Each structure stands twice: as structure tokens, then as C-alpha cells.
Amino acid sequence: GENVEQHPSTLSVQEGDSAVIKCTYSDSASNYFPWYKQELGKRPQLIIDIRSNVGEKKDQRIAVTLNKTAKHFSLHITETQPEDSAVYFCAASLILGNTPLVFGKGTRLSVIA
Amino acid sequence: DSGVTQTPKHLITATGQRVTLRCSPRSGDLSVYWYQQSLDQGLQFLIQYYNGEERAKGNILERFSAQQFPDLHSELNLSSLELGDSALYFCASSAEAASGNTIYFGEGSWLTVV
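Here's what I pulled together on the structure shown here.

Rules used throughout
Residues numbered from 1 in each chain as written. Chains lettered and ligands numbered in written order. Predicted model: local features only at pLDDT ≥ 70, side-chain atom pairs only at ≥ 80, totals over all residues. Heavy atoms only, no water. 1 Å grid on protein atoms, 1.4 Å probe; cavity = no way out; pocket = protein on both sides within 12 Å on 5 of 7 lines; lining within 4 Å. Points joined across faces, edges and corners; volume = space filled by probe spheres on them. Helix = DSSP H or I, 4+ residues; strand = E, 2+ residues; numbered from the N terminus. Buried < 20%, exposed > 50% of the residue type's maximum accessible area, 1.4 Å probe, protein only. Polar contact = N/O pair within 3.5 Å; in protein donor to acceptor, adjacent residues only side chain to side chain. Disulfide = S-S within 2.5 Å. Contact = heavy atoms within 4.5 Å. Buried area = accessible area lost by both parts, 1.4 Å probe. Salt bridge = Lys/Arg side-chain N within 4 Å of Asp/Glu carboxyl O. Nonpolar A, V, L, I, M, F, W, Y, C, P; charged D, E, K, R; others polar.

1. A look at the layout of surface pockets
Argument step 1. Empty space within the second largest pocket amounts to approximately 150 Å³.
Argument step 2. Lining of the second largest pocket is provided by Lys37(A), Ile47(A), Asp59(A), Gln60(A), Arg61(A), Ile62(A), Asp84(A) and Tyr88(A).

Here it is, written out as C-alpha cells:
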């Protein structure tokens, strides 16, 4: 089955700097890669996703890149703000597949003002 | 608000006891998922139901069981509770059964076993 590794487990950046979180997956058939943000004590919420037919997707300060050959994808947050502080989870699955999302173990991002 | 409703929000119970966690999916969603989140752990998939039928099973213990009712709400039953079962249990829902659809999480049920 699919296995998703996520690094780093914790990340501290200064406000205004960029943050990058990386994930690798094991199943080359996976083609759907969402990212979820979980604020302290709250539910995970989808912030961006990418499908394997594109290599990059942007939404304001957030971007995700995908390298299918290397089986890794990354989340990039630019101009970080204190409200970006949260735990970020990557996930992978096969669109129209029978297995649900497999999540990484999460990255705790702290943005220092 | 994701539209997924979970009850109770908090629950404290003793070892050996049994509890039931309840979930109402978003209006129109047919698929329900249960995830367990322990301290410093990721989101561990437990089980998925689609339109009343079990669709996928993850690392769910034999002491745990779930079902989805005709009105599409779901219940997760945890029995013979152990200290290690203390965790945040999330329910999530999506419109379809297959992966690739956005899943929406509820606020979670905090279970503390003492």
C-alpha cells in the first residue's frame, strides 16, 4: 500500500521568510496530492491540492510542486505570517481508487514574529 | 464550519469501558471516514463507509467497530478501552467513494481514557 513520508517534522521561520515542506510517496500509481492545515485544537482543512497531470499549482502565497519521476511533492509558503503557524499534512491517493487518502505524519510550522 | 458534525466533543471514560462516537456527514455526502489522531501522530485511517456499506478498512483494532446508517450518519464504537486509545477521533465526509475527492473533517471527538 501507499506510504507517505513527510519532512521536516518541525520547522521554524521568521515572519516574511519562505517555508518548504517535502513529502515522498511510495506508490507510483498515486495521482492526487492534497495538503491540509490543522491549527491547534482545530480540524484539518484542505488548503491546496494537485493532480499528476500538472507539475505546479499556486494559490496566492501557497504553491505545490510535484515530481512524479522522483515521487515527491512539496508545499511552498511565501511571505509567511504568524497565522500560518499550524501543523501541515500532505497526503496521497489514487483518483478513483479504492483506498482513501494516506497522510504523512505532519510538519509543525512556527512563524516567529 | 465544514458541515460535518461530531458528538460528543469531549469524553472521559475509564479503562475497560465502551463508548460510541457519532458523526453526521455534510449534506449530500455519501462517504464517511474515521481517522484517529494521537499525540504527535499523524492522521491514522481507521475505516470508510459509502452509502451504508464498508468500503475500506485501515488500521482499525478488533475492539473498534463502525457502521453507517440509512440516514448516512455513522457511529464508531470503541470497546474494552485502554489508556492508549486516548486520542482525537475525526470523522470526515466526501461526496463520492473514490479517492481524489476532497474530504471535509469534523471538529473531532476528544477521548480520554483514565
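2. Side note on the side chain of Arg43(A)
Argument step 1. In this structure, Arg43(A) sits in the loop between β4 (32-38) and β5 (45-51).
Argument step 2. Classification of Arg43(A) as buried rests on a relative accessible area of 9%.
Argument step 3. For Arg43(A), the side chain forms a polar contact with the side chain of Gln45(A), separated by 3.5 Å.
Argument step 4. A polar contact of 3.2 Å, which involves the side chain of Arg43(A), links it to the side chain of Glu107(B).

3. Some thoughts on the state of the cysteines
Residues and elements named next belong to chain A.
Argument step 1. Here the structure, examined in full by the defined rule, presents 2 disulfides over all chains.
Argument step 2. Sulfur-sulfur distance for the disulfide between cysteine 23 and cysteine 90 comes to 1.9 Å. Looking along the S-S bond of the cysteine 23-cysteine 90 disulfide, the torsion reads about -100°, which is the left-handed sense. Separated by 67 residues along the polypeptide, cysteine 23 in strand β3 (residues 19-25) and cysteine 90 in strand β9 (residues 86-92) bring together distant segments of the chain.

4. Description of the interface of chain B and chain A
Argument step 1. Taken together, the contact pairs 25 residues of chain B with 23 residues of chain A.
Argument step 2. Carbon and sulfur atoms supply 52% of the area buried between chain B and chain A, which totals about 1,800 Å² over both sides.
Argument step 3. For the pair chain B and chain A, the interface holds 1 salt bridge.
Argument step 4. Residue Glu107(B) is joined to Arg43(A) by a salt bridge in which the shortest nitrogen-to-oxygen separation is 3.2 Å.
Argument step 5. Where chain B touches chain A, the interface holds 4 residue pairs in polar contact (both at pLDDT 80 or more).
Argument step 6. Those elements that place two or more of their residues in the side of chain B that touches chain A are β4 (31-37), β5 (44-50), β6 (53-57) and β9 (87-94) of chain B.
Argument step 7. Of the residues contributing to the side of chain B that touches chain A, the split by class is 10 nonpolar, 11 polar and 4 charged.

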